[in-house]
Structure formats: C-alpha cells, structure tokens
Amino acid sequence: MARIFNFNAGPSALPLEVLEEAQRELVDYKGAGMSIMECSHRGKEYDAVHLEAVENLKKLLALTDDYAVLFIQGGASLQFAMVPMNLLGPGQTADYINSGAWADKALKEAKLLGGQVNAAGNTAKDIPTRMPAIESLKLTKGAAYVHITSNETIAGAQYKVFPKTEAPLVADMSSDILSRPIDAQQFGLIYAGAQKNLGPSGVAVVVIRKDLAEKAAATVPTMLRYKTYVEENSLYNTPPTFGIYMIALVTRWILRMGPEALYRQNAEKAGKIYAAIDGNPFYRATAVKEYRSDMNLTFRLPSEELEEAFVKEASKLGMKGLKGHRSVGGIRASIYNAFPVAGVDALVAFMKEFAKKNG
Ligand SMILES: *Cc1c(COP(=O)(O)O)cnc(C)c1O
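Residues numbered from 1 in each chain as written. Predicted model: local features only at pLDDT ≥ 70, side-chain atom pairs only at ≥ 80, totals over all residues. Heavy atoms only, no water.

As for the side chain of Asn337
Which entries qualify depends on this criterion: Put simply, DSSP marks the helices as runs of H or I at least four residues long and the strands as runs of E at least two long, and each gets a number from the N terminus on. Contact criterion: two residues are considered in contact whenever any of their non-hydrogen atoms come within 4.5 Å of each other.
Following the sequence through the fold, Asn337 ends up in the loop between β14 (331-334) and α9 (341-358). Setting aside chain neighbours within four positions, we find Asn337 in contact with Ile177, Leu178, Ser179, Asn197, Trp253, Ile254, Leu262, Asn266 and Lys269.

Considering the environment of Ala76
Test applied: Relative accessibility thresholds used throughout: buried, under 20% of the residue-type maximum; exposed, over 50%; partly exposed, between the two (1.4 Å probe, protein chains only).
Following the sequence through the fold, Ala76 ends up in helix α3 (residues 75-87). The exposure class of Ala76 is buried, given its relative accessible area of 13%. In the structure, Ala76 is positioned 115 residues away from Tyr191 in sequence and 6.8 Å away in space, judged by C-alpha atoms. Beyond its immediate chain neighbours, meaning those up to four positions away, Ala76 contacts Ser174, Tyr191, Gly193 and Ala204.

Thoughts on the sheet that holds strand β4 (residues 116-122)
Defined as follows: DSSP calls a pair of strands paired once it identifies at least 2 bridges connecting them. Fitted lines through C-alpha atoms give the axes, limited to the stretch in contact for helices. The angle between two N-to-C directions lies from 0 to 180 degrees.
In space, the seven strands of this open sheet follow the order β2-β10-β9-β8-β5-β3-β4, with mixed pairing throughout. In the strand order of this sheet, the two ends are held by β2 (67-72) and β4, each with one partner. Sheet twist, expressed as the average angle between the axes of neighbouring strands with direction ignored, equals 20°. Pairing of strand β8 (residues 169-172) with strand β9 (residues 189-193), which is carried by three bridges, proceeds in the parallel orientation.

Thoughts on the site of the ligand
To keep things clear, this is the line we draw: A single heavy atom is enough: if one lies within 4 Å of a molecule or strand, its residue is considered near that molecule or strand. The protein chains shown are the only cover counted for residues, whose accessible areas, like all others here, come from Shrake-Rupley with a 1.4 Å probe. Any residue that is not Ala, Val, Leu, Ile, Met, Phe, Trp, Tyr, Cys, Pro, Asp, Glu, Lys or Arg is counted as polar, Gly included; the first ten are nonpolar and the last four charged.
Around the ligand, the neighbouring residues are Gly75, Ala76, Ser77, Phe80, Trp102, Asn151, Thr153, Asp172, Ser174, Ser175, Gln195 and Lys196. Protein coverage of the free-state accessible area of the ligand, which is 390 Å², stands at 87%. Broken down by element, the shell around the ligand gets its largest block of residues, four residues, from α3. Looking at the shell around the ligand, its residues break down into three nonpolar, seven polar and two charged.

Quick word on helix α2 (residues 44-60)
Cut-off, in case you're wondering: Helix span is expected to be 1.5 Å times the residue number reduced by one. Directions drawn from the helix axis to the C-beta atoms are what define this arc.
The end-to-end C-alpha separation of α2 is 24 Å, in line with the 24 Å expected for 17 residues at 1.5 Å each. Regarding α2, the residues found buried are Tyr46, Val49, His50, Ala53, Val54, Asn56, Leu57 and Leu60. Each buried residue of α2 lies within a common arc of 160° when the element is viewed along its axis, so the set occupies one face. In α2, the exposed residues that point more than 90 degrees away from the buried face are Lys44 and Lys59. At its buried positions, α2 is contacted by β2, β10 (204-209), α6 (241-257) and α7 (259-278).

Things to note about the sheet that holds strand β12 (residues 296-300)
Taken together, the three strands give an open sheet; going across it, the order is β11-β12-β14, and neighbouring strands pair in antiparallel fashion. Taken across any chain shown, the strands that pair with only one partner, and hence form the sheet edges, are β11 (284-285) and β14. Pairing of β12 with β14 involves four bridges; the strand directions are antiparallel. Its bridge partner lying in β14, Asn296 is registered against Ser334.

Points about the pattern of salt bridges
As a reminder of what qualifies: Basic side-chain nitrogens of Lys or Arg form a salt bridge, by our definition, when they fall within 4 Å of a carboxyl oxygen of Asp or Glu.
Scanning the entire structure with this criterion turns up 18 salt bridges. Of the charged contacts, one joins Glu17 and Arg256 as a salt bridge, the two residues approaching to 2.9 Å between their closest N and O atoms. One end of the pair, Glu17, is in helix α1 (residues 16-26); the other, Arg256, is in helix α6, with 239 residues separating them in the sequence. On the basis of relative accessible area, Arg256 is assigned to the partly exposed category, the value being 46%.

The following block contains the structure:
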C-alpha cells in the first residue's frame with residue numbers, strides 16, 4: 001500500500017485508521033448483511049450512527065441543550081444562502097466581515113436575497129493576507145447577525161480570537177472546525193462543509209442556537225429552513241447517510257485521541273512549517289504573522305518558476321497538493337487534523353533541501 005502525503009485543501013486527508021475502519025465495515029455493517037449505505041435511514045443501524053455523530057459533535061464542542069447539530073446537503077456554499085434566508089428579516093441589516101474569497105462569497109449571497117448587508121471590515125484584497133482587526137470592525141447596532149469566516153482557506157489567514165458581538169455571531173468554520181479549542185456558546189450559528197476536517201464532501205454540519213431556527217419567514221421552503229432540520233433531527237428526508245457515518249467515525253477518532261492532544265499537535269505541526277519559512281529568506285509567508293493559519297499555510301518562493309519546480313519535485317517525493325489556489329498562486333500546505341506529523345517533517349526536510357539547491 002502506498003499512501004501519499006495529501007496536502008489537498010478539500011476534499012482532503014482522512015485519518016488512515018478511519019478509512020480502514022470504514023473498509024472493514026463496508027460490505028457487512030456490524031452483521032446487518034449490507035453496508036451502512038444500503039441501510040434504511042429509519043432503521044436501527046443507521047439510527048445509532050446518526051445519533052453518535054450528533055452526540056460526538058455536541059461533546060467535542062461542549063454544546064448546551066440550547067443548541068442543535070444539523071446535517072444539511074449542499075456544502076458550506078448552500079449555507080451562504082440559508083443563513084440570510086433564515087436570519088435576515090425584511091428591513092434588517094446583517095454585518096459581514098469580509099476577510100477573503102470565502103467571506104466575500106457569503107456576503108454576495110446575502111446581497112442577492114435583497115437584505116441590507118454591511119461590510120463590517122474588508123481585507124479581501126490585502127497582500128500580505130490578513131483578517132480585519134477586531135477593534136476596527138464597524139458593526140451595526142441591532143444587526144440581525146454578524147457573519148465571520150474563522151479561517152480563509154485560500155489566503156491562509158485565520159482569526160485567533162473572535163469578536164464579542166451583541167448580535168448573534170455566525171461563523172463559517174469549514175476549514176478549521178474542531179482543529180483548536182473554541183467557546184461554541186459564543187456563536188449563534190456555526191457551519192462547516194465536512195470535506196476539510198470532518199469527513200467526505202456531500203454534507204455540511206450546522207450548529208445552531210435553537211431560538212435562531214425560529215426566525216425564518218413562512219415563505220422559506222421546507223428544505224431550506226433550519227427549523228425543519230431541528231424538529232426532524234435532520235431526518236425530514238433522506239440525509240447523506242454515508243457522509244454522516246464518516247463524520248461519526250472521524251469524531252470518534254478525535255475523542256479517542258483526545259481533542260487537547262489533537263489541538264496541541266495541530267499547533268506543533270503548523271509551528272514546524274512556519275519555522276522553516278521564517279528560518280530561510282528563500283521562503284516568504286503570505287499572511288501577516290498574527291493571522292497565520294494553522295490549517296492552510298501559504299507561502300511564496302523567489303519566483304513562479306521556482307514555485308512550479310517546488311510543487312513538481314515535492315509531488316515526485318509523494319507530497320501532493322501543494323500548489324496554491326489558482327486565484328492567488330504560490331504554495332499552500334493544507335494540514336488539517338488528519339494530516340500526519342510525518343508528512344510535516346517530510347515537507348520541512350524537503351524545503352531545506354530545495355532552498356539549498358536553488359537558493
Ligand atoms: C471550502 C470552503 C467553503 C465551500 O465549501 P463547499 O462545501 O464546497 O460549499 C466555504 N467556506 C470555506 C471557509 C471553505 O474553506
């Protein structure tokens with residue numbers, strides 16, 4: 001078996017242990033004589049899986065009973081629309097912190113729906129990349145909510161602390177959910193496409209304070225209404241059962257390893273690569289230091305030709321997916337929870353070699 005070091009930004013690496021567990025259970029799920037994909041979403045086998053995925057997420061995020069955990073199809077991108085559809089009433093204003101490409105997409109979607117949208121800060125075009133400083137945010141009094149992107153996956157910039165807001169704080173945590181300790185009660189709503197830190201694509205996790213699920217206008221379609229998912233425990237229609245099963249396994253893996261140990265390991269992994277960048281003028285980090293992402297580490301080399309050679313040579317050595325997003329270029333190492341320490345060590349060693357040869 002040859003597993004590569006997978007630096008892809010999403011879909012991205014899953015824990016090998018989890019893949020093997022899914023493989024063992026694939027054809028005959030716990031004696032059911034069929035795979036979990038073939039089980040009824042109303043049957044006892046799937047029911048236990050669904051419940052475990054919800055309970056694990058509740059435990060890992062230390063959620064009180066005021067919150068519900070939902071599974072919704074359509075990825076994080078559908079949440080860009082569902083958030084304003086459900087939470088932005090007529091005549092109300094929503095504040096959007098425009099920190100980059102993802103935040104900008106969320107903001108544009110809210111505008112489409114005709115609500116008042118205020119850009120409470122804008123660093124989307126800043127180079128080096130950064131997040132709008134919390135002290136500088138221009139928040140609206142009485143806003144319906146404040147939208148924040150915790151980690152800009154493309155820019156490689158991340159909020160290390162979150163603003164304390166009067167209005168409910170809504171966060172797109174697609175690329176850093178469960179990667180570090182947070183106080184979930186600080187948020188009214190958290191959403192994340194699963195394919196970065198939680199499982200395969202095809203499902204988004206939404207954590208919502210239940211009172212917010214009551215706010216949608218009567219004209220919002222059933223499937224686009226948070227309340228439907230809260231009331232039916234995300235089982236109003238057929239949910240993406242295999243994706244939710246994988247989330248159950250991935251969250252079980254986090255609980256087994258211990259979230260504190262995992263969070264510490266994430267910080268150490270990022271620290272090693274940033275040390276390699278800072279330790280050699282051949283490399284230049286793309287993000288301002290205080291906002292550097294621990295999940296998506298972006299950096300430049302002296303020229304685009306060298307960057308291309310870097311990606312190509314790394315790939316030959318089994319380190320794949322290091323090319324930066326097409327909109328910004330450069331190098332991006334995405335090292336989510338499941339990305340192994342050995343892969344980080346391999347990259348650091350390669351960076352030293354490559355700089356010595358080409359510097
Ligand atoms: C990947 C990503 C998205 C888009 O997720 P989809 O599930 O593909 O819709 C949104 N926001 C952030 C921060 C992302 O990293």
